[in-house]
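# Geometric and topological summary
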Amino acid sequence: MTGQSLPPPRQKHRYHKLSRLALLLRFLAFPILLHAFLPSNPLSPLVGRRFTTQPRAASRQTPPKNIVIIGAGVGGLVTAGRLARATRARGYNTTITIVEKNGRDCAGGRLGEYIWEGHRWETGPSLLLLPEVYQEAFEALGGSFFDFDHKEKGGDVNGASSSAGAGDDTDHLSDNKVANSSLLFTKVEPSYLVVFGDRDRLELYTNRTRMTEAIERLEPGAFPRYDAYLDSAQNNLDFGFSAFIEEKPKWRYLPAFLRNLNVNMNFFPLRSHQGQLEGLFDSRKLQAAMSFQDLYVGLSPYQAPAVFSLLQAIELNQGVFYPKGGFAQVSRELLRLAEANGVRTVFDSPVAEILLEEEEEEEEERREKEIKGTDGRGNKESTHLSSLSPSSYSSSPSSPPEVGSTPRPQSQRLNFKTTGVRLSSGQCLQADLVISNVDLPFTKKYLLPLPFAQAAEHDRGRFSSSVVSFLWALNKTMDPGLRHHTTFLAAQDVGREGGATPNAGERRERGGGEEGRRGGTQGYSDPGRAAWDSLFKHNEFDSRWFNFYVHAPQRTDASVCPPGHDAIMVLVPSPILGKEGRRAGGKEEEEEEEEEEERLVATVREAVLARLEEMEGMEDMRACLIHEKVIGPREWRERYSLSRGAVFGLRHDLGQLSYLRPGWKHRGGRREGGREGGRLEGLYYCGASSRPGNGVPLVMVGARLLSERIMKECFLEREGGKERG
């Protein structure tokens, strides 16, 4: 139905007229677009430098000779490989080193695996989305990824158009491969099996014919509205991915995207996702099935803007895929490609601190500032890195002077530059440029010395949820109860007491909102709402109403376990931690936190097993368990340095979305006595909590954008061996 007029929403859920607030939101949407896409942004004096998107021109000073990347996650590996190839292509002899706190087998970060006696589990991501993004990243590193069901490489996937474009630095990449390699991946159908609170089931397919039957069974007459919903979601994806993720808008998709702004309020991308679905469907089950993916961005459907319907466009239009042999193959191949491109790797070496030294202005630069009348913050000129001599670092921690220790004018700020990193062993590695692939809030609070340690900013950050993961080996295949991807939702169309739950119109007439008030979820008549609010509003786990996900790849890949066995991963969203372990207190606090997690894990385990044993063919599941591994919030925090154990990083609410999300380059220090700590040159970020966001494809896109920015800011192009600028 793409290209046809969208059917109007049902009269019972239609807004009679646009409210003043809705008109204001529409009015504000266009300045946001204007700000995002105009090269010379007229709004920048109003919004400040935080939203600056254009990188500075490259410096004529000596480019960085040593780059240290903290963390061998996906973002760190892709950034390192891209920079290695791009700098070599421009004729620079730059040493790039990745320093990882864990062992070599943990390369890829959360994109890993756990193996026990022939059974294999994913420990992190388990859905391969947007395979064209993987393909572009692998090719940029000199490898190959695209091998779909033994079809010819380079073919299209499911007829879907690619949303990912090649980065600027790919112009400098050699056409020669560093190895002839590829990973085989296959499409998973159905994309999901959804099991609701009343044990009703819904299978989600990319095939519209099969979806017609499924949708009509839940809500007769709803399929045309479902079709219109997916069309609007595809509009959000086509333009939103290029404009707000790749930050290179494809204007041919803008007219369709503007239809979402102007057709009617049901498709307005900044209204709540749940509100949008309530305006389209009566069935709470259908509403829940079209919105549970909001968890991936750290939000509930009641918090997420409707623009995240693009997740349904990805999964139900293009499809969900799986790499044969498991996701750890992706990590291993990225590591191999990075090292083949000359990247050095150092494992089992935690970084204790990023080293800084006060930056001294060159006489010529100072005079230029005086002539131009700038304020020294780089607002009217380029600010660049300086090359360092070996004597500029030592085996002792960097100790920048404390703000206020020497009398300075109130208008003067302390400016620093990175000189390397200090490992927990005491060894120091010199670096002209430092890129942190560690969780961004963690880096800012714990790896930076004063005056740049931004504890207050960290504590104000809005985090996603944590998860409790169970990796279970069973001596029996759990069929027919499970599919490759199965999501269990609390939502149902019958309330706890057996009466019908009020529909969207009735809830609005009653005023709504009563269910979300304080006092936990005791008074909820809607189990679906109770499950989301207990997690995101009350930060607690309610064993009566909760959602969880089961990954059972044996249905697609027989290599995950021995014949007749099963290896399933159960992921249960759980509250984030309220403390930061050893940094928050002493031994007593640690023991209390450990006891709290033990109680949480026991409660979650019992609730999940009780729910699973209701499924056909799974009644004896407890008796079939032969091995178990549990990963709780504390392990997520300690093993991967995730602040508060938030596995999806910072949530993607409107204040931390796209251009409003923390950028790739460090901006200023914390405020001391009402003034800023100053400028810090040479520190960049990549990973899930930085721009553009979490998820493997977005992290790969972010790595490309970051490498492009660094090449433009720090490395001049050369002609005939001479710099051109």
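Think of a sheet as strands paired side by side through backbone hydrogen bonds, with each pair either parallel or antiparallel. Pairing within the open sheet is mixed, and its seven strands lie in the order 8-7-16-17-18-15-19. Looking at the sheet topology across the chains shown, the edges are occupied by strand 8 (201-204) and strand 19 (625-631). Neighbour-to-neighbour, the strand axes of the sheet open up by a mean angle of 20°, direction not taken into account. When strand 7 (residues 192-195) meets strand 16 (residues 485-488), the two strands line up parallel, connected through three bridges. Residue pairing across strands places Val195 opposite Phe488, the latter belonging to strand 16. With respect to the sheet, helix 19 (residues 633-640) is in contact with strand 15 (466-474), strand 18 (566-574) and strand 19, its orientation differing from that of strand 15 by roughly 100°.

Read from one edge of the open sheet, five strands run 10-2-1-14-23, paired in parallel fashion. Looking along the sheet, the strands with just one partner apiece sit at the ends: strand 10 (344-346) and strand 23 (683-685). Here the strands of the sheet are splayed against their neighbours by 20° on average, with no regard to which way each runs. Of the strand pairs in this sheet, strand 2 (residues 95-99) and strand 10 are connected by three bridges, and their pairing is parallel. Looking across to strand 10, one finds that Ile98 is bridged to Thr345. Against the sheet, helix 20 (residues 696-714) contacts strand 14 (433-436) and strand 23, and its axis sits at roughly 160° relative to strand 23.

Let us look at the packing of aromatic side chains. Evaluated as defined, the whole model comprises 17 aromatic pairs. Judged by centre distance (6.3 Å) and plane angle (75°), the rings of Phe244 and Tyr659 are edge-to-face. With a gap of 415 residues between them, Phe244 in helix 6 (residues 223-245) and Tyr659 in the loop between helix 19 and strand 20 (671-672) connect regions that are remote in the sequence. Exposure class is identical for Phe244 and Tyr659. Each is buried. Connected via pairs of aromatic rings, a cluster forms that spans Phe239, Phe244, Trp251, Phe257 and Tyr659. Across the ring face of Tyr205, the terminal group of Arg210 is positioned such that the distance to the ring centre comes to 4.0 Å. The lysine or arginine in question, Arg529, covers the ring of Tyr302, its NZ or CZ lying 4.1 Å from the ring centre.

Taken as a whole, this structure holds 37 salt bridges when the rule is applied. Across the pair Lys187 and Glu189 runs a salt bridge whose closest N-O atoms are separated by 3.8 Å. Look at Glu189 and you get partly exposed, because its relative accessible area is 38%. Between Glu638 and Arg637 there is a salt bridge, with the nearest N and O atoms lying 2.7 Å from each other. Using a relative accessible area of 31% as the deciding quantity, one classes Glu638 as partly exposed. Taken together, the shared-partner salt bridges connect Arg82, Glu136, Glu246, Lys248, Arg704 and Glu708 into one network.

On to empty space enclosed by the protein, then. Scanning the entire structure with this criterion turns up four cavities of 30 Å³ or more. Counted as a void, the largest cavity has a volume near 140 Å³. If you go around the largest cavity, you meet 16 residues; those closest to its centre are Ala288, Tyr302, Ala491, Gly528 and Trp532. Counting residues per element, the ones that place at least two in the lining of the largest cavity are helix 9 (284-289) and helix 16 (527-536). Here the residues of the lining of the largest cavity sort into eight nonpolar, five polar and three charged. In this structure, the second largest cavity encloses a volume near 100 Å³.

To continue, consider the confidence of the model for the protein. Averaged over the protein, the pLDDT score is 78; the fraction of residues at 70 or greater is 69%. Throughout residues 33-55 the model reports pLDDT below 50, and contacts reaching past four residues in sequence, or to other chains, amount to 34 contacts. In the model, residues 149-180 has pLDDT below 50 throughout and makes 72 contacts with residues more than four positions away in sequence or in other chains.

Let's shift gears to the nonpolar core. Ranked by size, the top nonpolar core spans 120 residues in total, and within it Leu204, Tyr226, Leu334, Ile435, Met700 and Ile710 carry the most contacts. Looking at this core element by element, the count peaks at eleven residues for helix 20. Ignoring anything within four residues of it in the chain, the contact list for Leu334 reads Val74, Leu77, Val78, Phe138, Leu141 and Met700. By size, the runner-up hydrophobic cluster in this structure holds 29 residues, among which are Phe541, Leu600, Ala607 and Cys624.

On to the side chain of Asp566, then. With respect to the element layout, Asp566 can be found in strand 18. Judged by relative accessible area, Asp566 falls into the buried class, the value being 0%. From its side chain, Asp566 meets the backbone nitrogen of Met478 in a polar contact 2.9 Å long. Among residues more than four places away in sequence, those in contact with Asp566 are His119, Trp472, Ala473, Leu474, Lys476, Thr477, Met478, Gln554, Arg555 and Cys561.

Along helix 5 (residues 208-218), the positions that sit buried rather than exposed are Met211, Ala214, Ile215 and Leu218. The arc that holds every buried residue of helix 5, seen down its axis, measures 95°, which confines them to one face. The exposed set on the far side of helix 5, more than 90 degrees from its buried face, consists of Thr209 and Glu213. Where helix 5 begins, one side-chain oxygen reaches toward the backbone nitrogen of Thr209, 2.9 Å away; that side chain belongs to Asn207.

This brings us to the side chain of Ser469. Relative to the assigned elements, Ser469 resides in strand 15. Those residues in contact with Ser469 that lie beyond four places of it in its chain are Val570, Leu571, Lys629, Val630, Ile631 and Trp636.

The terminal C-alpha atoms of helix 20 lie 27 Å apart, and with 19 residues this matches the ideal 27 Å at 1.5 Å per residue to within 8%. For helix 20, the tally of buried residues reaches 18 of 19 residues, placing the bulk of the element in the interior.

Secondary-structure assignment places Ser464 in the loop between helix 14 (455-460) and strand 15. With 111 residues separating them along the chain, Ser464 and Pro575 place their C-alpha atoms 9.1 Å apart. Ignoring anything within four residues of it in the chain, the contact list for Ser464 reads Gly298, Ile576, Ala646, Val647, Phe648, Gly649, Leu650 and Arg651. At 3.2 Å, the side chain of Ser464 and the backbone nitrogen of Phe648 are in polar contact. A distance of 2.8 Å separates the side chain of Ser464 from the backbone oxygen of Gly649, its partner in a polar contact.

Cut-offs applied
Residues numbered from 1 in each chain as written. Predicted model: local features only at pLDDT ≥ 70, side-chain atom pairs only at ≥ 80, totals over all residues. Heavy atoms only, no water. Pairing = 2+ DSSP bridges. Helix = DSSP H or I, 4+ residues; strand = E, 2+ residues; numbered from the N terminus. Axes fitted to C-alpha atoms, helices over the stretch in contact; angles between N-to-C directions. Contact = heavy atoms within 4.5 Å. Phe/Tyr/Trp six-rings, centres within 6.5 Å; stacked < 30°, edge-to-face > 60°. Buried < 20%, exposed > 50% of the residue type's maximum accessible area, 1.4 Å probe, protein only. Lys NZ or Arg CZ within 6 Å of the ring centre and 35° of its normal. Salt bridge = Lys/Arg side-chain N within 4 Å of Asp/Glu carboxyl O. 1 Å grid on protein atoms, 1.4 Å probe; cavity = no way out; pocket = protein on both sides within 12 Å on 5 of 7 lines; lining within 4 Å. Points joined across faces, edges and corners; volume = space filled by probe spheres on them. Nonpolar A, V, L, I, M, F, W, Y, C, P; charged D, E, K, R; others polar. pLDDT = per-residue confidence, 0-100. Core = buried A, V, L, I, M, F, W, Y, C linked by side-chain atoms within 4.5 Å. Polar contact = N/O pair within 3.5 Å; in protein donor to acceptor, adjacent residues only side chain to side chain. Arc of directions from axis to C-beta. Expected span 1.5 Å × (residues − 1).

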